[in-house]
Amino acid sequence: MKKETNYEINKLYSKDPIEADRLLWGRRTSALTRRGFLNNSALMAMTAAVGTAIPYGRFLPAGLIPAAFAADNAPDRIEGKEGLIILNDRPVNAETPAHLLDDDITPNRYMFIRNNGLLPENTDPQSWQLEVGGESCLRPTTFTIADLKARFEEVTLQLQLECGGNGRNEFVPAASGNQWTTGAVGCPSFTGVRLRDVLNYCSVAQDAVYVGYYGADSHTSGNPGLDPISRGVPIAKAMERESLIAWAMNGEDIPLQNGYPLRMVCAGWPGSVSGKWLNRLVVRDRVHDGEKMAAPSYSVPSVSVAPGSRVANEDMRIIESMIVKSLTTFPQSGVSHDYRQRLTVRGHAWAGDNQVSAVFISIDFGATWLPTALRPVSNRLAWQHWQSWVQFPEPGYYEIWSRAMDEQGRSQPMVVPGWNPRGYLNNACHRIAVQAV
Ligand SMILES: Nc1nc2c(c(=O)[nH]1)N[C@H]1C(S)=C(S)[C@@H](COP(=O)(O)O)O[C@H]1N2
Ligand SMILES: [Mo]
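Residues numbered from 1 in each chain as written. Chains lettered and ligands numbered in written order. Predicted model: local features only at pLDDT ≥ 70, side-chain atom pairs only at ≥ 80, totals over all residues. Heavy atoms only, no water.

Caption draft 1: Expanded view of the sheet that holds strand S1 (residues 85-89). With antiparallel pairing, 3 strands are arranged side by side in an open sheet as S1-S2-S3. The sheet is open, and its two edges are formed by S1 and strand S3 (113-114), each paired on a single side. (Pairing = 2+ DSSP bridges. Helix = DSSP H or I, 4+ residues; strand = E, 2+ residues; numbered from the N terminus.)

Caption draft 2: Broad picture of the packing of aromatic side chains. Enumeration over the complete set of coordinates arrives at 8 aromatic pairs. Among the aromatic side chains, those forming a connected cluster through ring pairs are Phe143, Phe152 and Tyr201. Note that Arg403 overlies the ring of Trp369, its terminal NZ or CZ placed 4.5 Å from the centroid. (Phe/Tyr/Trp six-rings, centres within 6.5 Å; stacked < 30°, edge-to-face > 60°. Lys NZ or Arg CZ within 6 Å of the ring centre and 35° of its normal.)

Caption draft 3: The sheet that holds strand S18 (residues 325-330), seen in detail. Spatial ordering of the open sheet is given by S18-S20-S24-S23, a layout of 4 strands whose pairing is antiparallel. The two strands at the open ends of the sheet, each matched to only one other strand, are S18 and strand S23 (373-374). In this sheet, strand S20 (residues 343-350) lies alongside S18 in antiparallel orientation, the contact comprising 5 bridges. Across the sheet, the residue bridging to Leu327 is His348, located in S20.

Caption draft 4: Structural view of the side chain of Lys276. Here Lys276 shows up in the loop between strand S14 (263-265) and strand S15 (278-284). Of the buried charged residues, Lys276 lacks a salt bridge, with Asp217 as the closest side chain of opposite charge at 7.0 Å. At a separation of 3.1 Å, a polar atom in the side chain of Lys276 contacts the main-chain carbonyl oxygen of Arg114. Other than its neighbours up to four places away in sequence, Lys276 contacts Ile113, Arg114, Asn115, Gly215, Ala216, Gln257, Asn258, Gly259, Leu262 and Arg263. (Buried < 20%, exposed > 50% of the residue type's maximum accessible area, 1.4 Å probe, protein only. Lys, Arg positive; Asp, Glu negative; His and termini not counted. Salt bridge = Lys/Arg side-chain N within 4 Å of Asp/Glu carboxyl O. Polar contact = N/O pair within 3.5 Å; in protein donor to acceptor, adjacent residues only side chain to side chain. Contact = heavy atoms within 4.5 Å.)

Encoded structure:
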């Protein structure tokens, strides 16, 4: 049994042992009696995780963490991703501090990591296969990566990915999930083929509604029957020129944590639609029903609700395009600066499927706003760079706030917007601190 499995399992058990049982092993214990022993399928899942049979498994009481999982060895760094802040190690979730996102094109080492499951074990690009099928696919086909390269036009685009839960840590009351601050976003350049070229080759039926993905990562329980995540996009999004099946990021192999050797990239939507370790696509005649497609996952209330409300799943809608947002990547928050000197300020802005029309900054907590120079996109669905400078009137503590506006005049709010149960779509202004001396 692997040692890394321990940390997260311990965390789950310390939070809610009965729920941990259910999540990890699929065991349902009566909430009334809070008693029970392993049923057969739960025992099988636990056996798979421990790596050997559990002869007296039938006597293992509910809510009791197997002692095999009792060590804690959370890593403090991820190879090739130095500088990222680790939120979780099983599955791995790590975000990038804003000042490390200063590059126009996000380098591989600074691309955030959001995993729902465990890394695949075999990622050999030579033998990798992508199977395309589903009830609305008329010519199901299996491709190797070499086939994709040989059959379809190669495309390189700079594409922005942001986790739907980026900024979750600001919601009050707190929303459960990874407590991302601002760094679950990045905009590398991806090389691959257009998803639509592959879909057209495989002949999509008239009644096609959705394209779902499956990846080679595995569920944290070790249960091979469960998928960590299987989402996707409506057919119209899949058919856009910018939707890719990519094998390279910034001209190199995609980092293992970001989906090596093959991933989907459908930018501008929650990152969760862009399947990593992609090995299967299904063209569906209905909204895909894979893991984490249904509310409350990646869904928000259809109408706004009071903070802390309970919202029924049928009153939620699946998030599609992300909303307008910006980040100040220079200077680093907390810097000291000579107040007699101008201070250069710069960053990026993005708006899901839309473009950004303007970015403003403020040094007086939003009382007045200064325009910035905004660069056009390098291609649709890339983030845009902005730059400006400020001059502080006197020494003291300042905050620089950035606020982007999209082409339709929608602007970032200064305070945290629409509370929602799972904490998605926080696009409040980014704030950094500066000490003028
Ligand atoms: N197979 C697979 N694809 C996946 C995920 C995953 O856990 N497994 N996570 C999704 C989520 S929630 C996000 S935000 C993005 C993150 O991409 P990154 O880790 O390359 O930044 O990948 C998406 N694709
Ligand atoms: Mo995500």
